[in-house]
Amino acid sequence: QVQLVESGGGLVQTGGSLRLSCAASGRTISRYTMGWFRQAPGKEREFVASITWSTYYADSVKGRFTISRDNARNTVFLQLNSLKPDDTAVYYCAAQYSLGPYTRSDEYTYWGQGTQVTVSS
């Protein structure tokens, strides 16, 4: 019902910034909780941030990352600042048609394919 495509990942140095985008199609996302998760090699997928009419962040990224949405463009963004090597992971966009905040991956129905973020030392 909802297709999600992430973009904007890449290789950056420690302290650098990236802006990830999640373009949604099929349905308007204005009434969806939208989330960002990440998964590093050998680790569980972990919550990063979510947004409805307000935002919610994991403690590990609070103050460094910013989630936002542009409902007119049907797009969600994740601004990553002050990046650290520990931020290296595949970042996934997710959507759920209900009210969050949701911090678990099994609370989301729709997922994108992921975009790789690599932070070098």
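Structure shown above.
Given the structure is predicted, the values throughout are model-derived calculations rather than measurements.

Trainee: Can you explain the overall build of the protein chain? Please cite residues and give values.
Mentor: Helices and strands together make up the secondary structure of the protein chain, namely zero helices and 11 strands. For the protein chain, the N- to C-terminal ordering of α and β elements is β-β-β-β-β-β-β-β-β-β-β. Relative to a compact globule of 121 residues, whose C-alpha radius of gyration would be 14 Å, the protein chain shows 13 Å and is just as compact. Oriented by its inertia axes, the alpha-carbon framework of the protein chain measures out at about 40 × 25 × 25 Å. When burial is assessed residue by residue, the protein chain has 46% of its 121 residues classed as buried. Of the accessible surface of the protein chain, which amounts to about 6,200 Å², a share of 47% is contributed by carbon and sulfur atoms.

Trainee: Go over the pattern of salt bridges, please, and point to the residues and values.
Mentor: Scanning the entire structure with this criterion turns up five salt bridges. A salt bridge links Asp87 to Arg38; the nearest nitrogen and oxygen atoms lie 2.9 Å apart. Here the residue Asp87 occupies a position in the loop between strand E8 (75-80) and strand E9 (89-96), and Arg38 occupies one in strand E4 (residues 33-39), the gap between them amounting to 49 residues. Classification of Arg38 by relative accessible area gives buried; the value is 5%. Ionic pairing is found between Lys62 and Asp59, a salt bridge with its closest N-O pair at 3.6 Å. Accessibility expressed as a relative area gives 69% for Asp59, which makes it exposed. One salt-bridge network, in which partners are shared between bridges, spans Arg38, Glu46, Arg64 and Asp87.

Trainee: Explain the state of the cysteines residue by residue, including any values.
Mentor: In this structure the tally under the stated criterion is one disulfide. The partner cysteine of Cys22 in its disulfide is Cys93, sulfur to sulfur 2.1 Å. In this structure, the disulfide formed by Cys22 and Cys93 twists by about -80° around the S-S bond and is classed as left-handed. Of the two residues, Cys22 sits in strand E3 (residues 18-25) while Cys93 sits in strand E9, which places them 71 residues apart along the sequence. A single burial state applies to Cys22 and to Cys93, both of which are buried.

Trainee: Summarise unusual backbone geometry; cite the residues concerned and give the values.
Mentor: Residues Gly100 and Pro101 are joined by a peptide bond in cis, for which omega reads 10°. With respect to the secondary-structure elements, Pro101 resides in the loop between E9 and strand E10 (110-111). One non-glycine residue with positive phi stands out, namely Asn74, at about 55°. As for its position among the elements, Asn74 is in the loop between strand E7 (65-70) and E8.

What counts, and at which threshold
Residues numbered from 1 in each chain as written. Predicted model: local features only at pLDDT ≥ 70, side-chain atom pairs only at ≥ 80, totals over all residues. Heavy atoms only, no water. Helix = DSSP H or I, 4+ residues; strand = E, 2+ residues; numbered from the N terminus. Rg over C-alpha atoms; globule rule 2.2 N^0.38 Å. Buried < 20%, exposed > 50% of the residue type's maximum accessible area, 1.4 Å probe, protein only. Areas by Shrake-Rupley, 256 points an atom, 1.4 Å probe, with all protein chains shown as cover. Salt bridge = Lys/Arg side-chain N within 4 Å of Asp/Glu carboxyl O. Disulfide = S-S within 2.5 Å.

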